[in-house]
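# Architecture at a glance
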Amino acid sequence: VDPADVIDEASKITQSDIKDFADSFLKDISLICTAMGNVRKDHAIRYSRIIRDKLVEKGSLITNEDRRSLTEDMGLFKLPPGPSHVIRRRMENPEAETSAIIVGFQIGLAESTGSDSEKPPYTVYALTELLGLMLGPTCFDYLRTKKQLGYSASCFRFERFDVTHFIFHVQGSREGAGPHVMNQEINNLIAQQQETFRHLAGTPEGLEKFNGAKETLKERIFVFGKHRSLKERAVDFMNQIFSSKTDFDIIEKKIAAVEAITVEEFGRFYEEYIAGETRRTFSSQVYGASHAIIPDTVEEGEILIEAIEAYKVGLTELF
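Here is a short report on the structure shown in this document. (Residues numbered from 1 in each chain as written. Predicted model: local features only at pLDDT ≥ 70, side-chain atom pairs only at ≥ 80, totals over all residues. Heavy atoms only, no water.)

### Remarks on empty space enclosed by the protein
Evaluated as defined, the whole model comprises one cavity of 30 Å³ or more. Taken as a whole, the largest cavity encloses approximately 40 Å³ of empty space. As for the largest cavity, its lining consists of Ser84, Val103, Phe105, Asn183, Asn187, Arg279, Thr281, Ser283 and Glu302. For the lining of the largest cavity, the secondary structure elements donating two or more residues are strand 2 (99–109), helix 6 (179–198) and strand 5 (281–287). By residue class, the composition of the lining of the largest cavity is two nonpolar, five polar and two charged. (1 Å grid on protein atoms, 1.4 Å probe; cavity = no way out; pocket = protein on both sides within 12 Å on 5 of 7 lines; lining within 4 Å. Points joined across faces, edges and corners; volume = space filled by probe spheres on them. Helix = DSSP H or I, 4+ residues; strand = E, 2+ residues; numbered from the N terminus. Nonpolar A, V, L, I, M, F, W, Y, C, P; charged D, E, K, R; others polar.)

Structural data, given as structure tokens:
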């Protein structure tokens, strides 16, 4: 086969061609399902039947709900809004001096429009990524440089089981700056930024910073999603075909979501999900040898969770 002919034919492929191929492929394939590993027989049979129904009878893809049913993984439960759920554990290695903390905020499904159904898809993704750009330098400067809490400090968007979180992370071993203090300073930073974000629209500098962050995020989405070769394009199409949530226009949708965000909406997002009483948050604290755990001590607005599995029994609402 002449490579030039292959390249010429590949350049003619459209998204419509790929979608037609996917529909035809998923309806006409012969499927052999093999379950390997520590899987019970009844689970393997149930898995096979769901795959059969999806691919052969319906010609549709396996969804995240199907995956949760197959693996008996119920996904992520919503934490009750308001108080911070504090978990403290000692490092297993008694010689490890470093302590660490993750303070997380549950936001929602990445492709969601958020609390406003009229917003474009991926608004939750866009708002959370935008927050990381707006807050990242201040987070590092305050927690690491000014407060000297550790050698690592950051904040960023994190996704697990398709649920978006916003995370603050600090790691260090300085005397007198254990996870309890790290947690206090993260809360202080959040409160300080609450005032800053409330007044973004009121100053030229605030608007310039906000609009600059939007442009940076759009460029980042475009660059990361850009196909640098025909091979990358083919691999991306293949990944979308077999994805549980196929979306050939995801780059364009994410950029549109960023463009639609206003500075006022960004401020409301921060109030609702990070700083306000409706936030769903947790504080996971790991203590190294440099720091002592203070038993049964929590700040106002916090709940200490000692029996994690017992507490999860009472959670009923899923994302």
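What follows continues from the structure just given.
### Topic: the pairing of strand 2
The buried count for strand 2 comes to nine of eleven residues, which makes it a mostly enclosed element. Pairing of strand 2 with strand 4 (residues 163–172), which is carried by ten bridges, proceeds in the antiparallel orientation. Counted as the bridge partner of serine 99 is glycine 172 from strand 4. With six bridges joining them, strand 2 and strand 5 adopt antiparallel strand pairing. Bridge assignment links alanine 100 to a residue of strand 5, and that residue is valine 286. (Buried < 20%, exposed > 50% of the residue type's maximum accessible area, 1.4 Å probe, protein only. Pairing = 2+ DSSP bridges.)

### Considerations on the side chain of lysine 218
Tracing the backbone shows lysine 218 in helix 7 (residues 204–225). Classification of lysine 218 by relative accessible area gives buried; the value is 17%. When near neighbours in sequence (up to four residues on either side) are disregarded, lysine 218 contacts Ile255, Val258 and Glu259. (Contact = heavy atoms within 4.5 Å.)

### Re the pattern of salt bridges
As enumerated under the stated definition, the model contains twelve salt bridges in all. Notably, a salt bridge pairs glutamate 129 with arginine 157, separated by 3.0 Å at the nearest N-O pair. Remark: arginine 157 occurs in strand 3 (residues 152–160) and glutamate 129 occurs in helix 5 (residues 123–146); sequence separation between them is 28 residues. With a closest N to O distance of 2.6 Å, glutamate 195 and arginine 198 form a salt bridge. Separated by three residues within a single helix, glutamate 195 and arginine 198 lie in helix 6, roughly one turn from each other. Taking relative accessible area as the criterion, glutamate 195 reaches 38% and is therefore assigned partly exposed. Overlapping salt bridges, with partners in common, bring together Asp8, Glu9 and Lys12 in one network. (Salt bridge = Lys/Arg side-chain N within 4 Å of Asp/Glu carboxyl O.)

### Regarding the sheet that holds strand 5
As summarised here, the arrangement of the six strands in space is 3-4-2-5-1-6, forming an open sheet in which the pairing is mixed. Each of the sheet's edge strands pairs with one partner strand only, and the pair in question is strand 3 and strand 6 (302–304). Within this sheet the neighbouring strands show an average axis-to-axis angle of 20°, counted without direction. Pairing between strand 3 and strand 4: nine bridges, direction antiparallel. Each bridged residue has a counterpart across the sheet, and for glutamate 159 the counterpart in strand 4 is threonine 164. Along the sheet, helix 5 makes contact with strand 2, strand 3 and strand 4, crossing strand 3 at roughly 165°. (Axes fitted to C-alpha atoms, helices over the stretch in contact; angles between N-to-C directions.)

### Considerations on the packing of aromatic side chains
Counted by the stated rule, this structure contains six aromatic pairs. Ring geometry for phenylalanine 105 against phenylalanine 168: centres 6.1 Å apart, planes inclined by 75°, an arrangement best described as edge-to-face. Note that phenylalanine 105 is positioned in strand 2 and phenylalanine 168 in strand 4, a separation of 63 residues in sequence. Classification of phenylalanine 105 by relative accessible area gives buried; the value is 0%. (Phe/Tyr/Trp six-rings, centres within 6.5 Å; stacked < 30°, edge-to-face > 60°.)

### Remarks on the environment of arginine 174
Structurally, arginine 174 can be placed in the loop between strand 4 and helix 6. Judged by its relative accessible area of 39%, arginine 174 is partly exposed. With residues near it in sequence (within four places) discarded, arginine 174 still touches Lys147, Gln148, Leu149 and His291.

### Considering unusual backbone geometry
For tyrosine 122, which is not glycine, the phi torsion reads 70° and is therefore positive. Among the secondary structure elements, tyrosine 122 is positioned in the loop between strand 2 and helix 5. Take tyrosine 122: its relative accessible area is 9%, and that puts it in the buried class. Even without being a glycine, glutamine 148 presents a positive backbone phi close to 50°.

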